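# Understanding the architecture of this molecule
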Amino acid sequence: MENLENEEIVDGIGQDVKLPENAYRELKSGEEYKPILLAEKKYPELNAWTIVWGIIMAIIFSAATAYAGLRFGQVFEAAIPIAIIAVGASTIAKRKSALSENVLIQSIGASSGVIVAGAIFTLPAIFIIQENNPGMQLNVNFLQIFLASLIGGFLGILFLIPFRKYFVSDMHGKYPFPEATATTEILISGAKGGNQLKLLLVSGLIGGLYDFCMTTFNFWAENISTRMTAWGEKLAMDHKFVFNMSGTGILLGTGYLIGLKYAAIICAGSFLSWWVIVPLLGQYGVTDAGVMMNTLDPDLIFKDYVRQIGIGGIAMAGILGVIKSAGVIKTSMGTIFKGNKGAESKADKMLRTQRDISMKIILFGFLGLLVVMAIFFAFGGLQMNMTQVIVGILIVFIFAFLFTTVAATAIATVGSNPVSGMTLMTLILPSFILAAVGLNGTAGMVTALIVGGIVCSALAMAGGFVTDLKIGYWIGSSPFKQQAFKFVGTLVSALTVGRVIIILSKAYGYDANNGGLVAPQANAMAAIVQPLMSGESTPWILYIVGAVIALLLDMIGVPALAFSLGMFIPLQLNIPLLVGGSIAWFVGSRSKDAEVNKQRKEKGTLLASGLLAGAAIFGVISAILKFAGADLAVTECYASHWVHDVLAIVAFVALCTYLILHSMKREQ
């Protein structure tokens, strides 16, 4: 009977397939987890369909997430919308082996989000430093961005493979894997695929057109602020108090997916920065030059002083993550060496669901990356001598190894990767080391950020890839096939993101107060690297204050990284997260029937995924148009600027109403 049921899965996707009862809980003594797809059977996994669709998803979502991350500081996870599209496409095409194929499509395509995070958190800092210091000559090209992303992504894959068994099998039921759980549930709900795809496309079109009308045609203001009015401007300058909110659909959708808890924590950090520290400094603060801060604009106080406190908090959160993961690293390494004893000789007898890429290939992979990195550092325009090349390689390997389990544990536990905090540490310490071996000035800045980009990409990949492997474990995919073709997705994503970063940087620039890219993480990297490498004064006191705040938050159980990011990211980008999170809580709690609440929440997740994916994709189109010199703004059509501002409020309320009503609407 069991074989017959699995034959039905291979032959069609319209079956009522469910995960085993023990999929999400810890196993009892002697109990074994058996995935949906039997380990003893072979299923179609890798073919032209999966590879082509995986590559298409990697390209589209690399561009979309790069835009979202640089424009608004929020990188959304691409795994869920990719899974929905894969299920919908296989339903329309009537694929007979959809379940096994869709896992691979999702795994290849999901390389986009992690490679984007690794790249945009660090490498745009080179453009930022150049923009802030026109006299400096910092040069970075497509090849350098591409190679940094590619090497880092490959390193993350190779470092994580030996830890796969520990995270997905040995710790079965002990980690919640929130993103992997959501994605897995989508993949096995093949019978609902067509309807899900329709909802995603409609909400994607709405989100895309909404943001496109706002950012490209400028039909309404992008920011809703108290400074729209004369009394609000007076409040800002006299008392340094500002309410400022971006009206973009991409942030509303992201807030829904984050949920009320984390959106509230992020906003709490923003409220502390903008509504407590900025007003206090505005009344009593004095600059290094002896100027009273009550004469300064609140935006300037935040930019030059308060956000440095957030940087200190982010760095401390990364340190705490490493300390807490020391035991995991020790346990995992023991599992690796124990598990790999004689593994090569047993490979032929091993079930396909237990096989990883062999350790020999992994070691050769590390050796190959070492050679490529040495050539890149020596001849890639980074102006490094042999000593500096060796030091740079050691920094990359040591930090990538130490933080791999931190990233994987974070994703497995809460679904979010504290990669920016860990990368800040990777910049601070190596910058001192590189400066000590004679690499400083502009060459040192570029090199430190390239090195940081490689490590950041490795950590982002390690965290994201553990999700793919857990999905494969639950469903019954072949891990060695997931691992092999993850390299393909990484290559495609690195090629895409390298080009997109350059286009966006030239199209928008990084002056956030004048419509430029926000890029909060890259701004933090630039703020740290520039003084360290140029001999300028570093605001250590502000960093220490932020570190102390993060330490206190951790002691009372508040996620320090989320709070610190809120302190650093501009207020206008965090308020819509809170609105989205509040909507998620509202639609998921109005009914007395728990099942109805669950269905509404899941439908809202689908709609929110569409809003942010559509808005991000249209955002890339808008950036390309701007890069090409097209100016389609129509603000001169309005008799009053006040109308332009009021329309922003009306449009945002309408978008929120759509998300609420359609999430709560029961399907007939």
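All of the points below concern the structure found in this document. Predicted model only: the values in this text are computed from it and were never measured. (Residues numbered from 1 in each chain as written. Predicted model: local features only at pLDDT ≥ 70, side-chain atom pairs only at ≥ 80, totals over all residues. Heavy atoms only, no water.)

## So, the overall build of the protein chain
The following threshold applies: Helix and strand definitions here come from DSSP, where helices need a minimum of 4 consecutive H or I residues and strands a minimum of 2 consecutive E residues; each element is numbered from the N-terminal end. Between buried and exposed lies partly exposed: a residue is buried under 20% and exposed over 50% of the maximum accessible area for its type, with that area taken using a 1.4 Å probe on protein chains only. Whether two residues are in contact is decided by their heavy atoms: any pair within 4.5 Å suffices. The Shrake-Rupley method, run with a 1.4 Å probe, gives the accessible areas here. Residue values count only the displayed protein chains as cover.
Scanning the protein chain from terminus to terminus reveals 27 helices and two strands. Buried residues in the protein chain amount to 58% of all 668 residues. Pairs at least 24 apart in sequence give 84% of the contacts found in the protein chain among residues at least 6 apart. Summed over all atoms, the accessible surface of the protein chain reaches about 26,500 Å², with 65% contributed by carbon and sulfur.

## Describing helix α20 (residues 441-475)
Test applied: Every helix has an expected span of 1.5 Å times one less than the residues it contains.
Compared with the 51 Å implied by 1.5 Å per residue over 35 residues, the 51 Å span of α20 between its first and last C-alpha is a close match. Burial runs high along α20: 33 of the 35 residues are buried. Directly after α20, the chain includes Gly476, whose backbone phi takes a positive value near 110°.

## Here's the deal with the pattern of salt bridges
To keep things clear, this is the line we draw: Basic side-chain nitrogens of Lys or Arg form a salt bridge, by our definition, when they fall within 4 Å of a carboxyl oxygen of Asp or Glu.
Throughout the structure, instances matching the rule amount to 10 salt bridges. A salt bridge links Arg25 to Glu31, with the nearest nitrogen and oxygen atoms 2.8 Å apart. Taking the relative accessible area as the measure of exposure, Arg25 reaches 25% and is therefore partly exposed. Here Asp170 and Lys165 are joined by a salt bridge, their closest N and O atoms 3.0 Å apart. When its relative accessible area of 42% is taken as the criterion, Lys165 is described as partly exposed. One continuous salt-bridge network, built from bridges that share partners, spans Arg227, Glu233, Asp297 and Asp299.

## Concerning the packing of aromatic side chains
Note the threshold: The aromatic pairing rule takes the rings of Phe, Tyr and Trp, using the six-membered ring of Trp, and pairs them if the centres are within 6.5 Å, calling planes under 30 degrees apart stacked, those over 60 edge-to-face and the rest tilted.
In this structure the tally under the stated criterion is 18 aromatic pairs. When the centroid spacing of 4.9 Å and the interplanar angle of 80° are considered together, the rings of Phe154 and Phe487 count as edge-to-face. Taken together, the positions of Phe154 in helix α7 (residues 142-160) and Phe487 in helix α21 (residues 479-508) put the pair 333 residues apart, joining distant regions of the chain. Between the aromatic rings of Phe159 and Phe366, the centroid separation amounts to 4.8 Å while the plane-to-plane angle is 50°, which identifies the pairing as tilted. Of this pair, Phe159 sits in helix α7 while Phe366 sits in helix α17 (residues 359-379), and the two are 207 residues apart along the sequence. Side by side, Phe159 and Phe366 carry an identical accessibility label, which is buried. By the ring-pair criterion, three or more aromatic residues cluster together here, those being Phe159, Phe366, Phe397 and Phe401.

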